[in-house]
Amino acid sequence: MSVVFISREVDAHLPFVAKHLHEKPIIVDPAQVLRGHEFSYYYANGAVEFLLNGKPLRNISGVWLRRPGDFQIPSLPIEQHLQEYTLSIQKEFMSLLYTHFPEALWISDYHAIKRASSKTLQLVTARKLGLNVPRTLFTSSSEEARAFVTSCKKGAVAKALPNAGFKNRLMSGKSYV
């Protein structure tokens, strides 16, 4: 039985954990694809197999997903306007791995992490735990935001969610409220 670490090869934490294992872990670094390593997902006879450099990964007993979503594209010899697209393809390709190895024990399960990072779930959970949670609005509508801020007699705090499509609006320096 083998253990897979999904992380950057240069992650300083990996050797400290690896020394406690019975055999050397298999490191899957998403950036390896960009350096010429081959990752493949092969479907046949009702099952999907993950291949790393042409070798199937089988009998995996554990998976440590270290810092999911922390994947960055190293400097690539591609045009700047293709960098964001390349990163999205890389993330999509890696996300296929997050549902693989169902028989293995996952440390830092990707889907549990994503669920726990939901801001709306955090608000509801905080309230259920007895915390005082103020009225909150998540919106892409400047009209909704304006009305909400106006209704807050003591003022309001605004925070953009990552990847919510506000980058260009915020970068313009315009006030939308």
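For the structure, see preceding data.
Please read all numbers here as calculations on a predicted model, not as lab measurements.

Student: Hey, could you go over helix 5 (residues 142–151) for me, with residue numbers and the actual values?
Tutor: Of the positions making up helix 5, those classed as buried are S142, A145 and F148. In a view along the axis of helix 5, the buried residues occupy a sector of 125°, so they form one face of it. Within helix 5, the exposed residues directed more than 90 degrees away from the buried face are E143 and T150. Where helix 5 begins, the capping side chain belongs to S141, and its oxygen is found 3.3 Å from the backbone nitrogen of E143.

Student: So what about the sheet that holds strand 4 (residues 47–52)? Which residues, and what values?
Tutor: If you trace the 3 strands from one edge of the open sheet to the other, you get 3-4-5, paired in antiparallel fashion. Two strands close off the open sheet at either side, each with one partner strand: strand 3 (39–44) and strand 5 (55–56).

Student: Which residues make up the environment of R66, and what are the values?
Tutor: Considering the arrangement of structural elements, one finds R66 in the loop between strand 6 (60–65) and helix 2 (83–95). C-alpha of R66 to C-alpha of Y110: the two residues are 44 residues apart in sequence and 9.5 Å apart in space. Residues contacting R66, with those up to four places away along its chain left out, are I6, S7, D11 and H13. In this structure the side chain of R66 is engaged in a polar contact, spanning 2.7 Å, whose partner is the side chain of D11.

About the criteria used
Residues numbered from 1 in each chain as written. Predicted model: local features only at pLDDT ≥ 70, side-chain atom pairs only at ≥ 80, totals over all residues. Heavy atoms only, no water. Buried < 20%, exposed > 50% of the residue type's maximum accessible area, 1.4 Å probe, protein only. Helix = DSSP H or I, 4+ residues; strand = E, 2+ residues; numbered from the N terminus. Arc of directions from axis to C-beta. Polar contact = N/O pair within 3.5 Å; in protein donor to acceptor, adjacent residues only side chain to side chain. Pairing = 2+ DSSP bridges. Contact = heavy atoms within 4.5 Å.

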